[in-house]
Amino acid sequence: MTVTFPELLRFQDLALLVLRLIVAVEFGASGYYHLRDPAGRAKSIGLSPKATGALGAAEVLASVALVTGVLLQLGALGLILLGLGAIGKKVFQWRTGFWGKDGYGWHYDLMLLAMNLVIVTTGGGKLVFRF
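Cut-offs used in this document
- Residues numbered from 1 in each chain as written.
- Predicted model: local features only at pLDDT ≥ 70, side-chain atom pairs only at ≥ 80, totals over all residues.
- Heavy atoms only, no water.
- Helix = DSSP H or I, 4+ residues; strand = E, 2+ residues; numbered from the N terminus.
- Polar contact = N/O pair within 3.5 Å; in protein donor to acceptor, adjacent residues only side chain to side chain.
- Contact = heavy atoms within 4.5 Å.
- Axes fitted to C-alpha atoms, helices over the stretch in contact; angles between N-to-C directions.
- Left-handed = near helix turned anticlockwise from the far one by under 90°.
- Nonpolar A, V, L, I, M, F, W, Y, C, P; charged D, E, K, R; others polar.
- Phe/Tyr/Trp six-rings, centres within 6.5 Å; stacked < 30°, edge-to-face > 60°.
- Buried < 20%, exposed > 50% of the residue type's maximum accessible area, 1.4 Å probe, protein only.

### Let's talk about the side chain of His 34
- Following the sequence through the fold, His 34 ends up in helix H1 (residues 12–36).
- For His 34, the side chain forms a polar contact with the side chain of Arg 41, separated by 3.1 Å.
- Not counting chain neighbours up to four residues away, the residues in contact with His 34 comprise Arg 41, Ile 45, Thr 52, Leu 55, Gly 56 and Glu 59.

### Some details on the packing of helix H3 (residues 49–68) against helix H4 (residues 72–93)
- Two elements in contact, H3 and H4, have axes whose closest approach is 8 Å; the angle formed by their N-to-C orientations is 140°. Seen from above, H3 lies across H4 with left-handed handedness. Only Leu 72, Gly 75, Ala 76, Leu 79 and Leu 82 of H4 make contact with H3, whose side of the interface consists of Leu 55, Ala 58, Glu 59, Ala 62, Ala 65 and Leu 66.
- Residues that form the contact of H3 with H4 fall into these classes: nine nonpolar, one polar and one charged.

### Some details on the packing of aromatic side chains
- Within this structure, the stated rule accounts for three aromatic pairs.
- Judged by centre distance (5.3 Å) and plane angle (70°), the rings of Tyr 32 and Tyr 33 are edge-to-face.
- A relative accessible area of 45% places Tyr 32 in the partly exposed class.
- Taking relative accessible area as the criterion, Tyr 33 reaches 38% and is therefore assigned partly exposed.
- When the ring of Phe 98 is compared with that of Trp 99, the centres are 4.9 Å apart and the planes differ by 80°; the resulting orientation is edge-to-face.
- Ring pairing ties together the aromatic residues Phe 98, Trp 99 and Trp 106, which thus form one cluster.

Below is the structure:
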C-alpha cells in the first residue's frame, strides 16, 4: 500500500472509534427524540407514532452497538437500511433535491450512509468493549 503519511496509519483504530462515536451521537439523538415524542415526530416525518417509536428504538439500539462494538456491523448495517429509507422518502415522496431547500436535502443522509459503510466494511476497528 502506498500512502503519503504512513506514520498516521497507527491511528486507524482511533479514527474509526471517532467515526463510530459521531455516527452514534447523530442517530442516538434522533432516536431519543423519536422515542420522547413519537406523535409529534410522526407528524414531521410522515409516519405513524408506532412506526416512529420503532424507528427511534432501532436508532438508539444501533447507536449503542456502534459505541460498544457489540454487534457493531449489524448496528451499522441497520443504520444503512434506515438511511436508504430516509433517502427514498426524501427523493420519491418529498421530492427534495440533493441539497434541498434550506439544506434539507438528502446529501446529509448519503454522508451518514457512507460513514456506516466504512464501519461495516472495517468492522469498526479494534477499540471495542471485550466481554
